[in-house]
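If you want the building blocks of each chain, they are given just below.
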Amino acid sequence: MTTPARRGRSLSHLLAIVTSLKHNRVVFCSMTENLDTTTRSGEFLFQVRRARAV
């Protein structure tokens, strides 16, 4: 199931949502950016963005 995310939220808010989804074993794939948490490179990019948001 694909659910589009609303634009205009902060990066830290998005990362909190994705982290919450991950705890419930839901994957995140961005339709506008190269961010897919099902791949190693996507997971790495997610971790880098999370570190930069803090």
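Residues numbered from 1 in each chain as written. Predicted model: local features only at pLDDT ≥ 70, side-chain atom pairs only at ≥ 80, totals over all residues. Heavy atoms only, no water.

**Concerning the side chain of Glu-43**
Heads up, the rule is: Numbering goes from the N terminus for both helices and strands, where a helix is a DSSP run of H or I of at least four residues and a strand is a run of E of at least two. Polar contacts here mean pairs of N or O atoms no more than 3.5 Å apart (in protein, one a potential hydrogen donor and the other a potential acceptor; neighbouring residues in sequence count only if both atoms are side-chain atoms). Every residue pair with non-hydrogen atoms within 4.5 Å of one another is taken to be in contact.
Looking at where Glu-43 falls in the secondary structure, it is placed in helix α2 (residues 40-53). Within polar-contact distance, the side chain of Glu-43 engages the side chain of Lys-22 at 2.4 Å. Beyond its immediate stretch of four places on either side in the chain, Glu-43 contacts Lys-22, Asp-36 and Thr-37.

**Considerations on the nonpolar core**
This is how it is decided: Residues enter a nonpolar core if they are buried and are Ala, Val, Leu, Ile, Met, Phe, Trp, Tyr or Cys, with the set joined through side-chain atoms within 4.5 Å. Relative accessibility decides the category of a residue: with a 1.4 Å probe and only protein chains considered, values under 20% of the type maximum give buried, values over 50% give exposed, and everything between is partly exposed.
Formed by Leu-15, Val-18, Phe-28, Leu-35 and Phe-46, the largest nonpolar core amounts to five residues. Excluding its chain neighbours within four sequence positions, the residues that come into contact with Phe-46 are Leu-15, Val-18, Thr-19, Leu-35 and Thr-37.

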